[in-house]
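Observations on the three-dimensional arrangement
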Amino acid sequence: MSVLVTGGTGYIGSHTVIELLEAGEDIVIVDNFSNSKPEMIDKIKEISGKDFKFYEVDLLDKEKLENVFKENKIESVIHFAGLKAVGESVQKPIEYYHNNITGTLILLELMKKYNCKKIVFSSSATVYGTPKTVPIKEDFPLSTTNPYGSTKLMIEQILRDVYISDKEFSVILLRYFNPIGAHKSGKIGEDPNGIPNNLMPYINQVAIGKLECLNVFGNDYDTIDGTGVRDYIHVVDLAKGHLKALKKAREMTGVEAYNLGTGKGYSVLQIVDAFQKVNGVTVKYRITDRRPGDIATCFADPTKAKVELGWVAEKELDEMCEDAWRFTKNNI
Ligand code: NAD
Ligand code: UFG
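Scoring rules and cut-offs
Residues numbered from 1 in each chain as written. Chains lettered and ligands numbered in written order. Predicted model: local features only at pLDDT ≥ 70, side-chain atom pairs only at ≥ 80, totals over all residues. Heavy atoms only, no water. Pairing = 2+ DSSP bridges. Helix = DSSP H or I, 4+ residues; strand = E, 2+ residues; numbered from the N terminus. Axes fitted to C-alpha atoms, helices over the stretch in contact; angles between N-to-C directions. Contact = heavy atoms within 4.5 Å. Parallel < 35°, antiparallel > 145°, perpendicular 65-115°, else oblique. Left-handed = near helix turned anticlockwise from the far one by under 90°. Nonpolar A, V, L, I, M, F, W, Y, C, P; charged D, E, K, R; others polar. Buried < 20%, exposed > 50% of the residue type's maximum accessible area, 1.4 Å probe, protein only. Polar contact = N/O pair within 3.5 Å; in protein donor to acceptor, adjacent residues only side chain to side chain.

**With respect to the sheet that holds strand 1 (residues 2–6)**
Strand order in the open sheet formed by 7 strands is 3-2-1-4-5-6-11, with parallel pairing between adjacent strands. Only two strands of the sheet have a single partner each, and these edge strands are strand 3 (53–56) and strand 11 (254–260). Each strand of the sheet is rotated relative to its neighbour by a mean of 15°, with strand direction disregarded. For strand 1 and strand 2 (residues 27–31), the ladder comprises 4 bridges, and the chain directions are parallel. Across the sheet, valine 5 pairs through a bridge with isoleucine 29, a residue of strand 2. Contacts between helix 6 (residues 147–165) and the sheet are confined to strand 5 (118–124), strand 6 (170–176) and strand 11, with strand 5 contributing the most and set at about 155° to the helix.

**Description of the packing of helix 5 (residues 93–113) against helix 6**
Two elements in contact, helix 5 and helix 6, have axes separated by 9 Å at closest approach and are oriented at 20°. As judged from the angle between their axes, helix 5 and helix 6 are roughly parallel. The handedness of the crossing between helix 5 and helix 6 is right-handed. From helix 5, Pro93, Tyr96, Tyr97, Asn100, Ile101, Thr104, Leu105 and Leu108 reach across to helix 6, where they touch Pro147, Tyr148, Ser150, Thr151, Met154, Ile155, Ile158, Leu159 and Val162. Here the residues of the contact of helix 5 with helix 6 sort into 13 nonpolar, 4 polar and no charged.

**Side note on the environment of arginine 230**
Within the secondary structure layout, arginine 230 lies in strand 9 (residues 229–230). Judged by relative accessible area, which is 14%, arginine 230 ranks as buried. Residues arginine 230 and isoleucine 271, spaced 41 residues apart in sequence, show a C-alpha to C-alpha distance of 9.9 Å. Looking at arginine 230, its side chain comes within polar contact range of the main-chain oxygen of isoleucine 295, at 3.1 Å.

Next comes the structure, spelled out in structure tokens:
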């Protein structure tokens, strides 16, 4: 019996596959390399010292995806595959809805057909929209402000409806906060195509000299130093959360959502400061206008995951900065 990991060569998927392999799980990965590279396959094998099956398949290609279900006994699915850039989703809504929603529907059709009824889904804190208060709890109102976020919210709803129609399903919705950092080996990490949208990869590219200066988007928010506050979580902690979620999915039927965050918020300038101190580098920055759509503060209440999954984030900000930089120095 195997765990199917969609998007398993991506940033969070690759770190999760390593944890799964180390825990003795049998893994089948599908990815179309739209945002990852084939070399990830060997890197995952090298780091884990374990083997797994890989299929270069687009979720939109039902025939090829069905072949994966035919050739393997898929017991459960961890579903990472999707497009994830907020700004790009505003420019290309059709691509985002098609890839993320249609891809998930095809996956679910095949799961039903092959009697596979356990799924762990990569959702996002973006489904909380502009929260009225922090820390954010799972039962806060849900809303979105861009097509990417809408795909996450719609998929959550689709999965709830699937469960209503078939009570044998178990669905775990993992709402990630801000994953950063990299594997200790320095071999895998976050390496986005083009100019990074997210803070940590941007900081790394400035520190290594690939980009000249970090734009800090606004210093007039109602926060400790005026810059935006987020809940940054080490990607390996996040990966470990998936093992706990899979265990839960195997023990229950129903739908449960969990925040995966640390419960602590750091400002942009606190991140820059920590990165500089820990790594002994300089990150040039300037204050610019706010980025449209950004909120002042966002951090999780991770209590539900602690109580029901037995999971807590263990790594601190310094380690996140140190691990991200090791990956950058080795690879970028
Ligand atoms: P990523 O882009 O590194 O990984 C996604 C992987 O899915 C890539 O390898 C890509 O090639 C693959 N993929 C995309 N569409 C596909 C398709 N149609 N068929 C097959 N493969 C496909 O992104 P990530 O940061 O690892 O994120 C993983 C998941 O977590 C995504 O669903 C993302 O929306 C979600 N998420 C990410 C963050 C974050 O900050 N990184 C935050 C919240 C939620
Ligand atoms: N920021 C900068 N300069 C940059 C990039 C970011 O100042 O070049 C600031 C932002 O304004 C924000 C903070 O750094 O205050 C974090 O920004 P990110 O883009 O790294 O992360 P976001 O919190 O905006 O978005 C992330 C994911 C989304 C997800 C969202 C919801 O990238 O996919 O979290 O939690 F939807």
